[in-house]
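# Breakdown of the fold
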Amino acid sequence: STVDFVLYLHEVIDRFDMIAANKNIHFIRKISPQLTYVKMDRDKLTQVLDNIISNAMKYSPEGGNVTITLEHYGQNIRVSISDEGMGIPRESQQKIFDRFYRVDKARARSIGGTGLGLAIAKELVHAHHGEIWVESMYGQGTTIFFTLPFTKNKEGNW
Ligand code: ATP
Ligand code: MG
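Just so it is clear, the structure is predicted and the values come from calculations on it, not from any experiment. (Residues numbered from 1 in each chain as written. Chains lettered and ligands numbered in written order. Predicted model: local features only at pLDDT ≥ 70, side-chain atom pairs only at ≥ 80, totals over all residues. Heavy atoms only, no water.)

## Observations concerning the nonpolar core
If you look at the biggest cluster of nonpolar residues, it comprises 41 residues, and the most contacted ones within it are Phe5, Phe27, Leu49, Ile53, Ile81 and Phe146. The greatest single-element share of this core, amounting to 8 residues, is contributed by helix H1 (residues 5-22). Not counting residues up to four positions away in its chain, the partners in contact with Ile81 are Leu49, Ile52, Ile53, Ala56, Val66, Thr67, Ile68, Thr142, Thr143, Ile144 and Phe146. (Core = buried A, V, L, I, M, F, W, Y, C linked by side-chain atoms within 4.5 Å. Buried < 20%, exposed > 50% of the residue type's maximum accessible area, 1.4 Å probe, protein only. Helix = DSSP H or I, 4+ residues; strand = E, 2+ residues; numbered from the N terminus. Contact = heavy atoms within 4.5 Å.)

## Quick look at the layout of surface pockets
Taken as a whole, the largest pocket spans an internal volume of roughly 460 Å³. For the lining of the largest pocket, the elements supplying multiple residues, two or more each, are helix H2 (42-58), strand E5 (76-83), helix H3 (105-110), helix H4 (117-127) and strand E7 (141-149). Take the lining of the largest pocket: its biggest share by element is 6 residues, from H2. Residue composition of the lining of the largest pocket, by class: 13 nonpolar, 9 polar and 4 charged. (1 Å grid on protein atoms, 1.4 Å probe; cavity = no way out; pocket = protein on both sides within 12 Å on 5 of 7 lines; lining within 4 Å. Points joined across faces, edges and corners; volume = space filled by probe spheres on them. Nonpolar A, V, L, I, M, F, W, Y, C, P; charged D, E, K, R; others polar.)

## Quick notes on the site of ligand 1
Every one of the 19 residues lining ligand 1 counts as a neighbour, but Asn55, Asp83, Arg102, Thr114 and Leu118 are closest to it. Thr114 places a side-chain nitrogen or oxygen 2.7 Å from an oxygen atom of ligand 1. At 2.9 Å from an oxygen atom of ligand 1 is found a main-chain nitrogen or oxygen belonging to Leu116. With the chains in place, 92% of the 590 Å² that ligand 1 exposes on its own is no longer accessible. At a threshold of 2 Å from the grid points, most atoms of ligand 1 map onto the largest pocket. Sorting the residues of the shell around ligand 1 by element identifies H2 and H4 as the ones contributing at least two each. Top element by residues in the shell around ligand 1 is H2. It accounts for 3 residues. (Near = heavy atom within 4 Å. Polar contact = N/O pair within 3.5 Å; in protein donor to acceptor, adjacent residues only side chain to side chain. Areas by Shrake-Rupley, 256 points an atom, 1.4 Å probe, with all protein chains shown as cover. Sits in = over half its atoms within 2 Å of the grid points.)

Structural data, given as structure tokens:
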């Protein structure tokens, strides 16, 4: 279906605000208000965002900020989710989208998970004709970016 993406993104973050409050994590929204329709499977996109946002919370310290940004580049939107957490070493950055890959077994064991969240996110973003990638500084934080094609009207036309 065709979704008003700005409205949709705020709804997704609203739902996380409640959970984040327990860990004293604060969401900063940098969401361009430009009217943006995306042809997408709403449940699948929600799974993408849930996986990325829950990672940002899970791998961040108490009191950290998670910044969610929506920008427009030509006929694509770019969403980014940025945290102030432990970061990912350079040599692991390309592997985090692989099934069952988890950075540092000792670190991973103490934080629950199966290593599937980002592999699923990648598959679903690709199915929507988008790209997904990571930028991270070990010890400083991580940003996950993804793109999706958008249109200006509900019919999916420009
Ligand atoms: P699951 O999502 O299946 O519960 P998971 O979180 O371990 O388990 P992924 O979401 O696929 O699996 O992430 C893969 C690995 O990438 C994680 O184990 C973690 O080491 C690293 N990672 C992912 N997101 C972040 C982040 N925001 N900060 C630091 N490390 C991260
Ligand atoms: Mg995960």
